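Topology and contacts: notes
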Amino acid sequence: MSDQPPRSSRPHRLRHGAGMESPRIPRFLAVVFTVAAAGSLVLVGLDLVIGRPAAGDVFITVLNGLAAFLLWHKVSEDARA
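Here is a short report on the structure shown in this document.

Brief notes about the overall build of the chain
- Each helix and strand in the chain was counted, giving two helices and zero strands.
- Evaluated residue by residue, the chain yields a buried proportion of 19% over its 81 residues.
- In the form shown here, the chain has an accessible surface area of approximately 6,800 Å², with 67% of it arising from carbon and sulfur atoms.

Written out as structure tokens, the structure reads:
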């Protein structure tokens, strides 16, 4: 005989990791990473204008752009489904 696990006294709380099932979270993160990529791209341009090495800012721009691309891709797949 298997016993049922005890229920939480707080039914309004989500399980751990259940928030990513909401369509709002990936869209919000996609917007955040898109803005971060644009901001770091501005920093790369500023680095080039003032003659400072831009390698670190280029790396961050690529990472932010990649995260934004993957999140927008997930958002578009979820919208088609």
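Describing a nonpolar patch on the surface
- Together, Leu43, Leu46, Val49 and Ile50 make up a nonpolar patch on the protein surface, roughly 410 Å² of accessible area in all.
- Inspection of the secondary structure assignment puts Val49 in helix α1 (residues 24-50).

Focus on the pattern of salt bridges
- In the structure shown here, the tally under the stated rule is two salt bridges.
- Here Arg52 and Asp47 are joined by a salt bridge, their closest N and O atoms 3.6 Å apart.
- Under the relative-accessibility criterion, Asp47 is labelled buried at 2%.

The rules behind the values
Residues numbered from 1 in each chain as written. Predicted model: local features only at pLDDT ≥ 70, side-chain atom pairs only at ≥ 80, totals over all residues. Heavy atoms only, no water. Helix = DSSP H or I, 4+ residues; strand = E, 2+ residues; numbered from the N terminus. Buried < 20%, exposed > 50% of the residue type's maximum accessible area, 1.4 Å probe, protein only. Areas by Shrake-Rupley, 256 points an atom, 1.4 Å probe, with all protein chains shown as cover. Patch = residues over 30% accessible without salt bridge, like charges linked within 9 Å, V, L, I, M, F, W, Y side chains within 5 Å. Salt bridge = Lys/Arg side-chain N within 4 Å of Asp/Glu carboxyl O.

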